Amino acid sequence: MSIDTPLRPQGPGRPKDMEKRAAILAAAKSLFVRNAFAGTSMDAIAAEAGVSKLTVYSHFGDKDNLFREVIRSRVQDWLPEESTPTIRRSILVRS
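Keep in mind that this is a model prediction, so the values were computed, not measured. (Residues numbered from 1 in each chain as written. Predicted model: local features only at pLDDT ≥ 70, side-chain atom pairs only at ≥ 80, totals over all residues. Heavy atoms only, no water.)

Student: Help me out: how do you make sense of the packing of helix α1 (residues 18–35) against helix α2 (residues 42–49) in this one?
Tutor: How two helices pack is summed up by the angle between their axes together with the distance between the axes. Relative to each other, α1 and α2 sit at 125°, their axes nearing to 8 Å. One finds that α1 runs oblique with respect to α2. At the point where α1 passes α2, the crossing takes the right-handed sense. Contacts from Ala 23, Ile 24, Ala 27, Ala 28, Ser 30, Leu 31, Phe 32 and Arg 34 of α1 reach α2 at Ala 44, Ile 45, Glu 48 and Ala 49. (Axes fitted to C-alpha atoms, helices over the stretch in contact; angles between N-to-C directions. Helix = DSSP H or I, 4+ residues; strand = E, 2+ residues; numbered from the N terminus. Parallel < 35°, antiparallel > 145°, perpendicular 65-115°, else oblique. Left-handed = near helix turned anticlockwise from the far one by under 90°. Contact = heavy atoms within 4.5 Å.)

Student: How do you make sense of the environment of Arg 34 when you look at a structure like this?
Tutor: Looking at where Arg 34 falls in the secondary structure, it is placed in helix α1. Judged by its relative accessible area of 52%, Arg 34 is exposed. A polar side-chain atom of Arg 34 sits 2.6 Å from a polar atom in the side chain of Ser 30. (Buried < 20%, exposed > 50% of the residue type's maximum accessible area, 1.4 Å probe, protein only. Polar contact = N/O pair within 3.5 Å; in protein donor to acceptor, adjacent residues only side chain to side chain.)

Student: Just to check I follow, could you spell out the pattern of salt bridges for this structure?
Tutor: When the charged atoms of two side chains with opposite charge come close together, those side chains can pair. Per the counting criterion, the structure on display carries 4 salt bridges. Between Asp 43 and Lys 53 there is a salt bridge, with its nearest N and O atoms 3.3 Å apart. Of the two residues, Asp 43 sits in helix α2 while Lys 53 sits in helix α3 (residues 53–60), which places them 10 residues apart along the sequence. Judged by relative accessible area, Lys 53 falls into the partly exposed class, the value being 35%. (Salt bridge = Lys/Arg side-chain N within 4 Å of Asp/Glu carboxyl O.)

Student: Would you mind going over α2 with me for this structure?
Tutor: An α-helical turn contains 3.6 residues, so a residue and the one three or four places further along point in the same direction. Within α2, the full set of buried residues consists of Met 42, Ile 45, Ala 46 and Ala 49. In an axial view of α2, the angular spread of the buried residues amounts to 100°, which keeps them on one side of the axis. The elements touched by buried residues of α2 are α1, α3 and α4 (63–78). (Arc of directions from axis to C-beta.)

Student: What's the story with the confidence of the model for the chain in this structure? I'm lost.
Tutor: As a note on interpretation, predicted positions should not be read in detail where pLDDT is low. Mean pLDDT for the chain: 82, with 71% of residues reaching 70 or above. Predicted confidence in the chain is weakest over helix α5 (residues 85–92), with a mean pLDDT of 59, and strongest over α2, with 98. Every residue in residues 1–6 is under pLDDT 50, and counting partners more than four places away or in other chains gives 10 contacts. (pLDDT = per-residue confidence, 0-100.)

Student: It is not clear to me how the packing of aromatic side chains should be interpreted in this structure. Could you clarify?
Tutor: The description of an aromatic ring pair uses the distance of the two centres, along with the angle that the planes make with each other. In total, this model carries 3 aromatic pairs according to the counting rule given. Centre to centre, the rings of Phe 32 and Phe 37 are 5.8 Å apart; their planes meet at 10°, and the pair counts as stacked. For Phe 37, a relative accessible area of 30% corresponds to the partly exposed category. Aromatic side chains Phe 32 and Phe 67 sit 5.0 Å apart centroid to centroid with 90° between the ring planes, which places their arrangement in the edge-to-face category. Of this pair, Phe 32 sits in helix α1 while Phe 67 sits in helix α4, placing them 35 residues apart in sequence. Taking relative accessible area as the criterion, Phe 67 reaches 29% and is therefore assigned partly exposed. A connected cluster of aromatic rings, assembled from ring pairs, spans Phe 32, Phe 37 and Phe 67. Positioned above the aromatic ring of Phe 37, the side-chain terminus of Lys 63 is 4.3 Å from the ring centre. (Phe/Tyr/Trp six-rings, centres within 6.5 Å; stacked < 30°, edge-to-face > 60°. Lys NZ or Arg CZ within 6 Å of the ring centre and 35° of its normal.)

See below:
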């Protein structure tokens with residue numbers, strides 16, 4: 001898998017809807033900037049994304065993981081396209 005490919009959540013059940021995942025990330029990016037981490041609830045993210053709270057948890061597990069994905073996504077947006085794969089991998093690889 002390329003480091004530019006969004007990470008697909010793994011787990012039981014039907015395949016994850018990547019459009020819903022993208023909507024959740026977009027909502028979380030907006031709300032974390034507006035309200036900070038402590039002022040952003042999973043309920044608010046779900047409402048903003050137009051999905052259920054269960055869907056948010058299904059894609060990201062918990063608020064900490066969702067925040068990590070928001071940060072990872074922001075960093076990826078800021079990296080120049082010509083960044084070497086080594087630099088991109090060292091910053092973007094899941095810990």
